[in-house]
Each structure stands twice: as structure tokens, then as C-alpha cells.
There are 2 protein chains.
Amino acid sequence: MLKRSFEPACRPGMILTVNSSGSTKERILGAAEALFAQHGFDGASLRQLTTVAGVNLAAVNYHFGSKDKLVEQVFRRRLDALNQHRLAELAKVVGQPQTTLEDVLAAYIRPALELSHDGNGSLFMRVLARAFAEHDDTLRQFLSENYGHVMRQFTAEFARLLPQLSKPELYWRIDLVTGALTHAMSGFGMIQRKSDVSEHLHREQTAQHLIRFAVAGLSHP
Amino acid sequence: MLKRSFEPACRPGMILTVNSSGSTKERILGAAEALFAQHGFDGASLRQLTTVAGVNLAAVNYHFGSKDKLVEQVFRRRLDALNQHRLAELAKVVGQPQTTLEDVLAAYIRPALELSHDGNGSLFMRVLARAFAEHDDTLRQFLSENYGHVMRQFTAEFARLLPQLSKPELYWRIDLVTGALTHAMSGFGMIQRKSDVSEHLHREQTAQHLIRFAVAGLSHP
DNA sequence: GCACGCCATAAACGATCGTTTGACGGCTGC
DNA sequence: GCAGCCGTCAAACGATCGTTTATGGCGTGC
């Protein structure tokens, strides 16, 4: 059921395409993303990680200070870009005369979807799904402190577009939709790869499905 | 970000009410459920676990064979009952002349909700949410082998009630709904405790919300 | 009475963990 | 030329991991 073995995790067909490209810090971050997605934060050891990254064992503590700090940087690297992207998209649609729920949801979902379709980005979505499942208070606080304002801005927009819903009701629905999206995004790494034909069309279809699902989940009577 | 420290995990206000009740095996299963929910399968050590359970360190390997087997039993104990309950509820509604989507979803959701509202059962839902996020193939196979027939039965019923949806479309929506439910159930351990007044009413409201959300997510045009 | 299975216990096993250390080469600026 | 920082490296540190072993108490059946 559990696996922490070292050797089989490095079998030939593995991801370990991360090494031999970019600086040491970037290689570590890439390998960390892949191994955290596969084996979790506890399950992935620094020895696996540095082997996959093709760097020395001590490099992690030299460049990041500790394993925990490395975890934090793995989150920061992706979430900074993701939430910036989300805010930019949101700013675009709220400026328009007739903002719809679909527009706002697209601003929330599309950036995450693009990330999950971009090679290593899909691995990060799995890391994120793991993190949500952890229910760790430290992580919760980290997310709230650094990216809480984004969620608050979107929530305010949802509240404006769905005035018939009470606050608890709205929060609840947002929570459910968030769960569905996280679940879906973290799974795309596997589903999506089944047919790589017309990648762009597939991505557009996916976006439409997710947005429609979210609209239905948020606005049903 | 990560915590595997031993001492603070056993601070006074902790869950550790598990010990000193029931047989050794049951105490171990209870403590395992709680610690796996909090710290994950890798993060929870057998030494924490046996301390919380009030049993000897060797007891786990004596009664279960290994830590992995213990994990499996933690799943079996709850999932056997849960899926049996689900099938019983499903059998009730499909026997009726006019089966609705709400009925089938209620048969799927209510048993899980009851489990998540029952003390340690809510901890198990968190364990389950973790397991889903792991994306572990071994676990996937375990679930498919032992409980796949339940999901297949429900899926067939969904397909019968939603003939306008293509198979891929249906599977997708089920996946999204499953993600939302797992996310929600695993979170109830925290949300629900905020107001313990009229527990039964709250539970009924929750069930209604989840079912309506699922109906909307599955059957939107 | 006593041999035998069942279970709890303490102690130890080897392996692996995250982290630290000290030495070594390559580079820049004086 | 050489002092000084930077990044890399092998090696070791103590701690903790899952698992195994040896011992002994306790009850049951012959």
C-alpha cells in the first residue's frame, strides 16, 4: 500500500527528465514538484530528490535552508504566477459593462487549467491536491496569508452575481466547486494524456465543461 | 510546513481518547484512523500510533503483519460497511416504480454523510480524501477490486436516468461530483463542530445541499 | 501437572531519514 | 599572486523509522 523504496522509484521509465537543464535551484524545484506529487512531502526523501535532479545531497539545504523551506518555494513558484494570472483575468471581465458568472468562473478556472496542461504544471496540481487533503493548519495559514486576497476578490464577485444566496450558502457552494476542480485538475495528468490529438481543442472542451459544471453548481435554485 | 515531531503530536488537547477501550486490535485501528487523518500514512509513525493506542510497539506487526496491512484494514473496516450501506439504499430505491436521480444520489451520499458525522468516521473521511489525492496505483487497484462493483452499479443507474449524456460526459461529471463530495465530507470534521445545536437538523440540511448540488452538477444541460 | 498456543513487553536490528561539516576547485577583484 | 566568496562534493552526524527477536505471564485442554 505504501512505498518509500528508493530503487524502484528511479526505474528507467520514470519522470526524471528533470535533470540536466537549468540551474541547480531550478532542477531541485522541478524534481521536488515531481516527487512530491508522486510520493508526498514525507514520502519523497532528499536523497531521491537530489538523485533525480542530478545534484548533490547537500545542495537542498545549501540553496533552500531546509526541506520545509523547499516545500514552501515549490508552492510559491507556481501559486504566485497562478494567482497573478487569475487576478489579471478577473480585472479584464469586471471592467466590462455586463459581467456574467461564466466570465468570472472562467477567470478563476482557465489559469489553473492552463497550468495543469503545462507539463510539470500538472504535477504541481497534484501536489496542491495533496496539500488540500492534508488539512494542515500551517499550510492553510500560508495560503491564506499569501493568496487569501485573491479568493476574497472572487468571492465578492460571486456574491454580487448571486445575490439570492446567503453568505453561508455561497461559501458552501464555492467550497464544493473548489473540491471538484481540484480533484479534476489533479487527475488530468492521467486522463488528458490518453489522446494527445488536437490538444488545443481538448483543452477548450475541458474548460467549457468545467466552467459549465461550476456555473450549475453555484447557481442552481 | 511539515511536522513529524513526536512530542507535540501528543499534547493534552489531542484526540487520543482512543485508548483504554476495546481490544488491542480495535484500539490500534482507532488510533491509526486518527493519526493517518492528521499526519498521513508516512507521517504517522508506529511509535506515535502505539503510544496513542496504549499498546506495545510490536503489537501492530503481531496483529496486522505490517504497517501496510494495517493501512489496508483501516480502509476495509469502514469501506465494507459504507458500500454495503450504499448498495442496500440503492436496492430500496430502484425497486420503486418511479426512481429519480435524487433518490439514487441520496443512496450514494447519505451513507457517506452518516459516516462522516459519526465521531471517528469523520476522521476516516479525511483519510479517504488523502488517499484519493495520493493517486497511488496500488490503492486504486485495491479500491477497484473490492468496491468497484458498487460504483459500477451506481454508474449504470446514472446512465439510465441521464440518457442524454454520452458515456465520457457522464463519467466526467461523476468524477467532478465525487471530487466535490470527498472534499466536502473530509472538511466536515471542522465545519460541523462549529454549531452542535440541533445536530440532526444540520445533518439533514447538509444532505439536502449535497444532493441538490450533485443533481445540478450531473444533470445540467 | 504440564505442555502448548496466545499475547504483551522490552530490547535490539539494520536501514533511512534530514541536516551538518570540512575540504576542494573555480572565479573575481585588488 | 593571492585572498575571498561561491557552489559542489563526499562523508559523517544523531535521530527515527519499520520490523524482528527473545522472554515470560496467563489461561486452556489433555
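Located above this text is the structure these notes cover.
First, a word on scope: everything that follows refers to the structure included in this document. (Residues numbered from 1 in each chain as written. Chains lettered and ligands numbered in written order. Predicted model: local features only at pLDDT ≥ 70, side-chain atom pairs only at ≥ 80, totals over all residues. Heavy atoms only, no water.)

1. A look at the relation of the copies chain A and chain B
What counts here: Least-squares superposition of the copies uses the C-alpha atoms of those residues scoring a pLDDT of at least 70 in each of them. Contacts between residues were defined by any pair of non-hydrogen atoms, one from each residue, lying within 4.5 Å.
With an RMSD of 0.1 Å, chain A superimposes on chain B once it is rotated by 180° and translated 0.0 Å along the axis. Put plainly, the chains are arranged around a two-fold axis. When each C-alpha of chain A is compared by its distance to the rotation axis, A:Ala180 comes out closest, at 2.1 Å. Residue by residue, 100% of the interface of chain A is reproduced at the interface of chain B, so both copies engage with the same surface.

2. With respect to the protein's contact with DNA strand D
Note the following rule: Throughout, near means a residue has at least one heavy atom within 4 Å of the molecule or strand. Pairing of N or O atoms within 3.5 Å defines a polar contact, subject to two protein rules: one partner must be a possible hydrogen donor and the other a possible acceptor, and residues neighboring in sequence count only if both atoms are side-chain atoms.
Around DNA strand D, the structure places 16 residues, and the nearest of them are A:Thr24, A:His63, B:Leu46, B:Arg47 and B:Lys67. Take the atoms of DNA strand D that sit within 4 Å of the protein: sugar and phosphate atoms are 50% of them. Separating a phosphate oxygen of DNA strand D from a side-chain N or O atom of A:Tyr62 is a distance of 2.9 Å. One nitrogen or oxygen atom from the side chain of B:Ser45 is found 3.0 Å from a phosphate oxygen belonging to DNA strand D.

3. Re the interface of chain A and chain B
Short version of the rule: Buried area adds together the accessible area that both of two parts lose upon being put together, with accessible area traced by a 1.4 Å probe. Any Lys or Arg side-chain nitrogen found within 4 Å of a carboxyl oxygen on Asp or Glu counts as a salt bridge. A run of H or I in DSSP becomes a helix once it reaches four residues, and a run of E becomes a strand once it reaches two; helices and strands are each numbered from the N terminus. Ten residues, namely Ala, Val, Leu, Ile, Met, Phe, Trp, Tyr, Cys and Pro, are considered nonpolar, four, namely Asp, Glu, Lys and Arg, are considered charged, and the remaining ones, Gly among them, are considered polar.
Every contact between the two is made by 49 residues of chain A and, on the other side, 49 residues of chain B. In total, chain A and chain B occlude about 4,400 Å² of area from one another, counting both sides; carbon and sulfur atoms represent 63% of this. Applying the counting rule to chain A against chain B returns 2 salt bridges. With a closest N to O distance of 3.4 Å, A:Glu134 and B:Arg130 form a salt bridge. Taken together, the connections running from chain A to chain B amount to 8 residue pairs in polar contact (both at pLDDT 80 or more). For the side of chain A that touches chain B, the secondary-structure elements that each account for two or more residues are helix H1 (24-43), helix H4 (67-94), helix H6 (119-134), helix H7 (137-161), helix H8 (167-191) and helix H9 (199-219) of chain A. Of the residues in the side of chain A that touches chain B, the class split is 21 nonpolar, 13 polar and 15 charged.

4. Some words on the protein's contact with DNA strand C
A:Leu46, A:Arg47, A:Lys67, B:Thr24 and B:His63 are the nearest of the 16 residues found near DNA strand C. Here the atoms of DNA strand C within 4 Å of the protein split so that 48% fall in sugar or phosphate, with bases taking the remainder. In the model, a phosphate oxygen of DNA strand C is placed 3.4 Å from a nitrogen or oxygen of the B:Tyr62 side chain. Of all elements in the fold, only helix H2 (46-53) of chain A together with helix H3 (59-64) of chain B reach the threshold of two or more residues within the surface near DNA strand C. Its residues assigned to classes, the surface near DNA strand C comprises 6 nonpolar, 6 polar and 4 charged.

5. Quick look at the packing of H4(A) against helix H5 (residues 101-117) of chain A
Residue and element names in this part refer to chain A. Applied cut-off: Only the stretch in contact is used when fitting a helix axis, every axis being a line fitted to C-alpha atoms; angles between N-to-C directions are given from 0 to 180 degrees. Should an angle fall under 35 degrees it is taken as roughly parallel, and over 145 as roughly antiparallel, whereas 65 to 115 is taken as roughly perpendicular and any remaining angle as oblique. It is the rotation of the near helix from the far one that decides the hand of a crossing: anticlockwise by less than a right angle makes it left-handed, clockwise makes it right-handed.
Direction vectors running N to C along H4 and H5 enclose 150°, while the axes themselves pass 8 Å from each other. In this view, H4 runs roughly antiparallel relative to H5, as classed from their interaxial angle. Two packed elements cross with a definite hand, and for H4 against H5 that hand is right-handed. From H4, Arg78, Leu82, His85, Arg86, Glu89, Leu90 and Val93 reach across to H5, where they touch Asp103, Val104, Ala107, Tyr108, Pro111, Ala112, Glu114 and Leu115. Considering only residue class, the contact of H4 with H5 consists of 9 nonpolar, 1 polar and 5 charged.

Just distances and angles here, no functional claims.
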